[in-house]
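# Observations on chain architecture
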Amino acid sequence: MNEKVRVIGIIARTRIKETLLNPALYVLITGALVFTYYSLVDFINAIDSDGLNLAKTPILELVSGLMTSFFGRTASENLFAHGPFLFTFIVIFFPFILYLSISTAFKLGNEKSTGACQLVIFGPVNITPYYLSFLIRDIFFTLGYIFLVCILFTAGSLVTNMVVDPTFFLSAVSSFFMAIALLSYGILASSLASNGFTSLSIYLSSVAVFFVLYIGSLMTISEYTINPATVIGLVLQVFSPFFYWQASLTAVEHGNWLVFLLDVFALVLITSVLMVATHFLSRIRSIKV
Amino acid sequence: MIRTKDLTKKFGGYVAVDNLNLNIKPGETYGFLGPNGAGKTTTISMILGTLTPTEGEIFLFGEKYTLNKAGLRKRIGVVPDKHPVGVWTWMTAFEYLNFFASIFEVKDAGKRIEFLLEQVGLHEFRNRRFTSYSRGMLQKLSIIRALLPNPDILIMDEPITGLDPFGIKQVRDLIVAENREGRSILISSHQLSEIEKICHRVAIIFRGKLLAEDNMDRILKTLVRHREIEIDVEKIPKTLIRQIEKMKFVNKVKVEDLTLKIEINDDTDRRRDVAEFIFKKGLIPLRIQEKNPSLEEAFMTITNENMALFTRKGAQK
């Protein structure tokens, strides 16, 4: 077996064990279960003879209000149009991805500054397999979490008789690739930083920029004017996983499978570019012994 | 084992390592000395591949080393000066060692780990989380980790810093034992007394330049210019000091209680000359001893001379 693949496997296994031993994982899963339960119950309670009436349940009304103010009325209505599952998925998926990516960015930076990473790369491999082991861990847990959510939703569907729209599963696929692209930004941030806090700051700043651009793209703009800020925004959007994710959700909504596949491909491409950039950056930048 | 040829590292305009030529031979314990900021860690980083040289070459086990030859590093055991703090907190000492044994493909890892833990007296603590270990225990654990793959050479950065006297002795004994097994050892340190006790050869680096590389005896003989003879006498008349100072091989004389400390300015053994002179003056030398020069003195001499050299160059500019 290739030496690098072997070492990536060993480090990734250790990372997975480490994450499984962390109580934060179980707190998030418990939170997701509780939220799913209340979301489904509230959604059922909100249905009356006129259809869906979110005003009947304070929590859904609040969430819907927040979504409308952030993303606009159309986005909010679309989210609830396919039943409670897509909305619930998005609410429970983002905290999990945020946890994984923060953990990746911070831990990698921290392991570099404390000398833990050096102990491994003094061995038979360079630092790239060390970074890749984090990506493997992140893929493992993101897939596992999505799988768990799918089981949970299927069970919820059987109990409540609410149908899980097939488009939900496609949204889950693009959400997975969006998450991996976001996590890759965490890895890239750590290759630029020399400690955990710097790495985390770089990562959170880039996510914040993408998030602001994402919200901006969802807002209804009556008159579009071209100025340097909008140009920079458009350029940055090309690198934003949120941009392709949103586009993929819209493609699913319209049944445009080619566009959906192209968006997923773009997310895979971003991940690959980020990992290649991480590899070259780590070669250029030194690591303190 | 490890050879560097004109190894240079520049950070912008600052030259951290300047045309360094080191040669660590098989089976020797090699001391790599220098004050803080001399370029020791930069040199080691380049040898270990975590830093790319600006110029020059590194040869590991006869092969020219490049980043793509990471496999060569498998034959090097590294004991860094710091221990990872706040990471892998869930691991026991055994799990920690087992993790590295897997990475380095150690055969019969369990047996080897048990054997090494036994050797350094950590066996009974193997199932404790290593983060609860004391500094001395961590240092021993770090040495075990480095020894796991049975490396041809062990590189140790400040191996005894922060250890108590008992810990220092244990680590020193371990280094000596490993060297007796035939393992080459490179120790980077500023703890000169320890280096003196265990190293066969020494390299002194200052401001990135190699000032001296030789065996201990030669370094001491060459660099310690002012040797000293200590003589205890029953009484010291004032005239005696002035008379001794007039001897042509004497630099100066200091008196401490009833001990004369005579600084000699040549390489000849002058104990007989001094003793005969004192006899002639009607006094009896009670004890006569030539004080062995220490590496610390050699180090101070060599770095001070260079400091002066640098200062003069600076003044000329």
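Overview of the structure. (Residues numbered from 1 in each chain as written. Chains lettered and ligands numbered in written order. Predicted model: local features only at pLDDT ≥ 70, side-chain atom pairs only at ≥ 80, totals over all residues. Heavy atoms only, no water.)

Looking now at the overall build of chain B. Of regular secondary structure, chain B possesses ten helices and 15 strands. Expressed along its principal axes, the backbone C-alpha trace of chain B runs to roughly 75 × 55 × 35 Å. Summarising the internal contacts of chain B: among those between residues at least 6 apart in sequence, 67% fall at separations of at least 24. Of the accessible surface of chain B, which amounts to about 15500 Å², a share of 49% is contributed by carbon and sulfur atoms. (Helix = DSSP H or I, 4+ residues; strand = E, 2+ residues; numbered from the N terminus. Contact = heavy atoms within 4.5 Å. Areas by Shrake-Rupley, 256 points an atom, 1.4 Å probe, with all protein chains shown as cover.)

In this section: the interface of chain B and chain A. Listed per partner, the contact involves 32 residues of chain B and 29 residues of chain A. Interface of chain B and chain A: buried area, both sides summed, is about 2700 Å²; carbon and sulfur atoms make up 63% of it. The three residues of chain B that bury the most area against chain A are T50(B), W90(B) and I103(B), which together make up 23% of that side's buried surface. For the salt bridge of E95(B) with K17(A), the shortest nitrogen-to-oxygen distance reads 3.4 Å. (Buried area = accessible area lost by both parts, 1.4 Å probe. Salt bridge = Lys/Arg side-chain N within 4 Å of Asp/Glu carboxyl O.)

Attention shifts here to the sheet that holds strand 9 (residues 184–189) of chain B. Two pairing modes exist for strands in a sheet, parallel and antiparallel, and in both the strands are linked by backbone hydrogen bonds. Residue and element names in this part refer to chain B. Spatial strand order, 7-8-9-4-10-11: six strands in an open sheet with mixed pairing. Both outer strands of the open sheet, strand 7 (76–79) and strand 11 (209–215), are each paired with one neighbouring strand and no more. Sheet twist, expressed as the mean angle between neighbouring strand axes with direction ignored, is 15°. Where strand 4 (residues 29–33) meets strand 10 (residues 201–206), four bridges bridge the pair, whose relative direction is parallel. Directly across from G31, in strand 10, lies its bridge partner V202. Packing of helix 1 (residues 40–48) onto the sheet brings it into contact with strand 4, strand 7, strand 8 (153–157), strand 9 and strand 10, and relative to strand 8 it is tilted by some 145°. Sheet strands in contact with helix 5 (residues 165–180) are strand 4, strand 8 and strand 9, and its direction is about 150° off that of strand 9. (Pairing = 2+ DSSP bridges. Axes fitted to C-alpha atoms, helices over the stretch in contact; angles between N-to-C directions.)

Attention shifts here to helix 2 (residues 93–103) of chain B. For helix 2 of chain B, the full list of buried residues reads A93(B), Y96(B), L97(B), F99(B), F100(B), A101(B) and I103(B). Check the buried side of helix 2 of chain B and you find it contacts helix 1 (3–20) and helix 6 (116–121) of chain A together with helix 3 (109–119) and helix 4 (135–147) of chain B. The positive-phi residue at the C-terminal boundary of helix 2 of chain B is E105(B), with phi of around 50°. (Buried < 20%, exposed > 50% of the residue type's maximum accessible area, 1.4 Å probe, protein only.)

Right, let's get into the pairing of strand 13 (residues 250–256) of chain B. As defined by bridge partners, strand 13 of chain B adjoins strand 14 (residues 259–264) of chain B across six bridges and the pair is classed as antiparallel. Opposite K254(B), over in strand 14 of chain B, you have K261(B) as the bridge partner.

Core analysis: the biggest nonpolar cluster contains 127 residues, and F89(A), W88(B), Y96(B), F99(B), F100(B) and L141(B) have the highest contact counts within it. Discounting chain neighbours no more than four positions away, the residues touching F99(B) are I10(A), I11(A), T14(A), V120(A), W88(B) and M91(B). Counting residues in each nonpolar core, the second largest holds 27 residues, with I2(B), I24(B), Y30(B) and L48(B) among its members. (Core = buried A, V, L, I, M, F, W, Y, C linked by side-chain atoms within 4.5 Å.)

Purely spatial values, then, with no claim about function.
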